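The lines below spell out each chain.
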Amino acid sequence: MAKRDILIIPDKQLRLTSEPVGAIDASVRTLIEDMFETMYEAPGIGLAAIQVGVPRRVITLDLARKDEPKAPQVFINPEVVWSSEEKSVYEEGCLSIPEYYEEVERPAAVRVKYLDREGQPQEIEASGLLATCLQHEIDHINGVLFIDHISKLKRDMIVKKFKKAQKRGEPVKPLSEDKEPSHHIG
Ligand SMILES: [Zn+2]
């Protein structure tokens, strides 16, 4: 396993639409292992392959709390097939937009079709944090970021800030260690 670098806005690759995975071969299995290592190290609770520069429709999640055993989940070619009328609001963060958190409203529950690690078709109905994370990560593989769901004014401000930092060649500050990873949706 190897930790990979996480892309930060305004990296244009984050706007790519990722391609579906065909066969789950050795390269896909290595990608999944690397994504978990990268996600745990960050720390974050979710990661989309495009965040490490691989435009494939692969998502890793682990919503276990610090005091709970690891609960890794993999979603390949995930697709939202139903979303609830009811909405919920959650303060989201993103490993590709470090140090920025904002409340985002999304459907409170979704049903998602996907392939598991073995390539078997699965379907789950998710609510709460899992529903939020799945929608956040599925957005990533469609080139959408959580800041696209907030006001244009706030979005423009945050993008400008990251563009300036990039121009100055400043490294983006690492996420502080003591923050709950649940904030860093991925
Ligand atoms: Zn994200």
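Please refer to the structure placed before this passage.
The rules behind the values
Residues numbered from 1 in each chain as written. Predicted model: local features only at pLDDT ≥ 70, side-chain atom pairs only at ≥ 80, totals over all residues. Heavy atoms only, no water. Helix = DSSP H or I, 4+ residues; strand = E, 2+ residues; numbered from the N terminus. Expected span 1.5 Å × (residues − 1). Buried < 20%, exposed > 50% of the residue type's maximum accessible area, 1.4 Å probe, protein only. Contact = heavy atoms within 4.5 Å. Polar contact = N/O pair within 3.5 Å; in protein donor to acceptor, adjacent residues only side chain to side chain. Core = buried A, V, L, I, M, F, W, Y, C linked by side-chain atoms within 4.5 Å. Phe/Tyr/Trp six-rings, centres within 6.5 Å; stacked < 30°, edge-to-face > 60°. Lys NZ or Arg CZ within 6 Å of the ring centre and 35° of its normal. Salt bridge = Lys/Arg side-chain N within 4 Å of Asp/Glu carboxyl O. Pairing = 2+ DSSP bridges.

Visitor: Could you clarify how one ought to interpret helix α1 (residues 26-41) in this entry?
Guide: Taking 1.5 Å per residue as the helical rise, α1 with its 16 residues ought to reach 22 Å, and the 23 Å between its terminal C-alpha atoms agrees with that figure. Among the residues of α1, Val28, Leu31, Ile32, Asp34, Met35, Phe36, Thr38 and Met39 are the ones counted as buried. Where α1 is buried, its residues meet β1 (46-48), β2 (58-61) and β3 (73-83).

Visitor: Would you explain the environment of His136 in this entry?
Guide: The residue His136 is located in helix α2 (residues 128-141) in this model. When residues no more than four places from it in sequence are discounted, the contact partners of His136 are Glu92, Gly93, Cys94, Arg106, Phe146, Ile185 and Gly186.

Visitor: Please explain the side chain of Ser84 as it appears in this structure.
Guide: Mapped onto the elements, Ser84 comes out in the loop between β3 and β4 (87-94). Among the polar contacts made by the side chain of Ser84, one reaches the main-chain amide nitrogen of Ala108 at a distance of 3.2 Å. Residue contacts for Ser84: discarding those within four places in its chain leaves Pro107, Ala108 and Ala109.

Visitor: How should I be thinking about the nonpolar core in this particular structure?
Guide: Counting residues in each nonpolar core, the largest one holds 17 residues, and the members touching the most others are Ile59, Leu61, Phe75, Val112, Ala126 and Leu134. The residues touching Val112, leaving out its near neighbours within four places in the chain, are Pro78, Glu79, Val80, Val81, Gln122, Glu123, Ile124, Leu134 and Ile138. By size, the runner-up hydrophobic cluster in this structure holds 16 residues, among which are Ile24, Leu47, Val58 and Leu95.

Visitor: For this particular structure, what's the right way to read the packing of aromatic side chains?
Guide: Geometrically, a pair of aromatic rings is defined through the distance of the ring centres and the angle of the planes. The final tally for this structure, using the stated rule, is three aromatic pairs. The cationic tip of Lys70 hangs over the ring face of Tyr40; the distance from NZ or CZ to the ring centre is 4.2 Å.

Visitor: What is the right way to read the pattern of salt bridges from this model?
Guide: Oppositely charged side chains are able to pair whenever their charged atoms sit close together. In the structure shown here, the tally under the stated rule is eight salt bridges. In this structure, the salt-bridge partner of Arg106 is Asp139, at a minimum N-O distance of 3.1 Å. With Arg106 in strand β5 (residues 97-107) and Asp139 in helix α2, this residue pair connects regions lying 33 residues apart in the sequence. Its relative accessible area of 15% is what places Asp139 among the buried residues. One network of salt bridges, with partners in common, ties together Glu92, Arg106 and Asp139.

Visitor: How should the environment of Ala71 be read in this particular structure?
Guide: For Ala71, the location among the structural elements is in the loop between β2 and β3. Owing to a relative accessible area of 37%, Ala71 belongs among the partly exposed residues under this scheme. Residues Ala71 and Ser27, 44 residues apart in the sequence, show an inter-C-alpha distance of 22 Å. When sequence neighbours within four positions are dropped, the list of residues in contact with Ala71 reads Leu61, Asp62, Leu63 and Ala64.

Visitor: It is not clear to me how the pairing of β4 should be interpreted in this structure. Could you clarify?
Guide: Within a regular strand, side chains alternate between the sheet's two faces. Both β4 and β5 contribute to a ladder of seven bridges, which runs antiparallel. Opposite Lys87, over in β5, you have Pro107 as the bridge partner. Here β4 hands over to β5 after two residues, the two strands then running antiparallel side by side.

In short, shape yes, function no, at least from these values alone.
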